[in-house]
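Residues per chain, in single letters:
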Amino acid sequence: MSIKPLVILPDPLLRQVSKPVERFDADLRKFATDMLDTMYDAPGIGLAAIQVGEPLRMLVIDLSKEDEPRAPQILINPQILSSSDERNIYEEGCLSIPDYYAEVERPADVRISYLDLDGKAHEVAADGLLATCLQHEIDHLNGVLFIDHISRLKREMVVKKFKKLAKDRPPSRLAV
């Protein structure tokens, strides 16, 4: 078990577009396990690789409730194939923007393609919380944060707050 440090706003890494995963090997499997451990430890329901400092198109999610068995999902090189015109609003938060939540409107349904840890292609149709979570995490892979979906005034207030907090804490990533 290896808990990775989270990349926190205003770190510019969060705005970087992630690169596709090309190697499906033991290192990728270990990284997926580390991402899940980090997500569960936080705790959260989704985590993109960029949030732990790796600009790879990879995400993990688990929408199981506390009293249910864990149901981790690992999606590599995910793409949104289609989305509905119907919209849903969910209150979203983000492990990279701790303790801030806002209502975000997104398509209610999406169809996603992705690869698993063996490089096998899959497609999934998602609605409800799963659709919202997948869109939120795929946004991360494109350098987009959930605060980009709220008003400019609210977004600027959040960024200003986190810039001030960043001055008062040590860096979230250590150079090795």
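How each quantity is defined
Along each chain, numbering runs from 1 in the same order as the chain's sequence is written. Note on the predicted model: pLDDT of at least 70 is required for a residue's local features to be given, and 80 or more for side-chain atom pairs to be given and counted; whole-chain, interface and lining totals, by contrast, use all residues. To obtain the side-chain values, all non-hydrogen atoms of the structure were included, while hydrogens and water were left out. UniProt positions are given in the numbering used here, feature names are shortened, and annotations may be inferred rather than shown by experiment. Runs of E in the DSSP output that reach at least two residues are strands. Runs of H or I that reach at least four are helices, and both are numbered from the N terminus. Under the scheme applied here, a residue whose accessible area is under 20% of the maximum for its type counts as buried, over 50% as exposed, and between as partly exposed, the area being computed with a 1.4 Å probe on protein chains only. A pair of strands is labelled paired if DSSP reports no fewer than 2 bridges between them. We define a salt bridge as a contact between a side-chain nitrogen of Lys or Arg and a carboxyl oxygen of Asp or Glu at a distance within 4 Å. In what follows, a contact means two residues having at least one pair of non-hydrogen atoms within 4.5 Å. Here a polar contact is taken to be a pair of N or O atoms separated by no more than 3.5 Å, where protein atoms must pair a possible hydrogen donor with a possible acceptor and residues adjacent in sequence count only if both atoms sit in side chains. Pairs were defined over the aromatic rings of Phe, Tyr and Trp, the Trp ring being its six-membered one, requiring ring centres within 6.5 Å. Orientation was assigned from the angle between planes: stacked under 30 degrees, edge-to-face over 60, tilted for the rest. Criterion for a charge above a ring: Lys NZ or Arg CZ within 6 Å of the ring centre, and within 35 degrees of the ring normal.

As annotated in an unreviewed UniProt entry, the chain is Peptide deformylase from Phyllobacterium sophorae. The UniProt entry for the chain carries the following comment under Sequence similarities (unreviewed entry): "Belongs to the polypeptide deformylase family." UniProt lists a comment for the chain under the heading Catalytic activity (unreviewed entry), and it reads "N-terminal N-formyl-L-methionyl-[peptide] + H2O = N-terminal L-methionyl-[peptide] + formate".

**Some points on the UniProt feature "active site" (unreviewed entry) in the chain**
On the UniProt side, "active site" (unreviewed entry) is annotated at positions that read Glu 137 here. Tracing the sequence through the fold places Glu 137 in helix H2 (residues 128-141). Glu 137 gets classed as buried once you look at its relative accessible area, which sits at 4%.

**Topic: the pairing of strand S3 (residues 73-83)**
Looking at chain direction, strand S2 (residues 58-61) and S3 are connected through 4 bridges and run antiparallel. The partner of Met 58 across the bridge, within S3, is Ile 76.

**Points about the pattern of salt bridges**
Evaluation of the coordinates by the stated rule reveals 10 salt bridges. Arg 29 serves as the salt-bridge partner of Asp 118, at 2.3 Å between the closest nitrogen and oxygen. Here Asp 118 is found in the loop between strand S6 (109-115) and strand S7 (121-127), whereas its partner Arg 29 is found in helix H1 (residues 26-41), with 89 residues between them in sequence. For Asp 118, a relative accessible area of 59% puts it in the exposed group. In this structure, the salt-bridge partner of Asp 139 is Arg 106, at a minimum N-O distance of 2.9 Å. Remark: Arg 106 occurs in strand S5 (residues 97-107) and Asp 139 occurs in helix H2; sequence separation between them is 33 residues. Residues participating in the shared-partner salt-bridge network are Lys 4, Lys 30 and Asp 34.

**What to know about the UniProt feature "binding site: Fe cation" (unreviewed entry) in the chain**
Look at the UniProt record and you will see "binding site: Fe cation" (unreviewed entry) annotated at Cys 94, His 136 and His 140. A compact arrangement is adopted by the annotated residues: their sequence extent is 47 residues, whereas the largest C-alpha distance between any two is 10.2 Å. You can see Cys 94 is positioned in strand S4 (residues 87-94). Beyond its immediate stretch of four places on either side in the chain, Cys 94 contacts Gln 51, Tyr 100, His 136, His 140 and Phe 146. Among the structural elements, His 136 can be located in helix H2. With residues near it in sequence (within four places) discarded, His 136 still touches Glu 92, Gly 93, Cys 94, Arg 106 and Phe 146. One polar contact links His 136 to Glu 92, side chain to side chain, over a distance of 2.7 Å.

**Quick notes on the packing of aromatic side chains**
Note on aromatic pairs: each is described by the distance of the centres and the angle between the planes. In total, this model carries 1 aromatic pair according to the counting rule given. In this structure, Arg 70 packs its charged tip against the face of Tyr 40, placed 3.6 Å from the ring centre.

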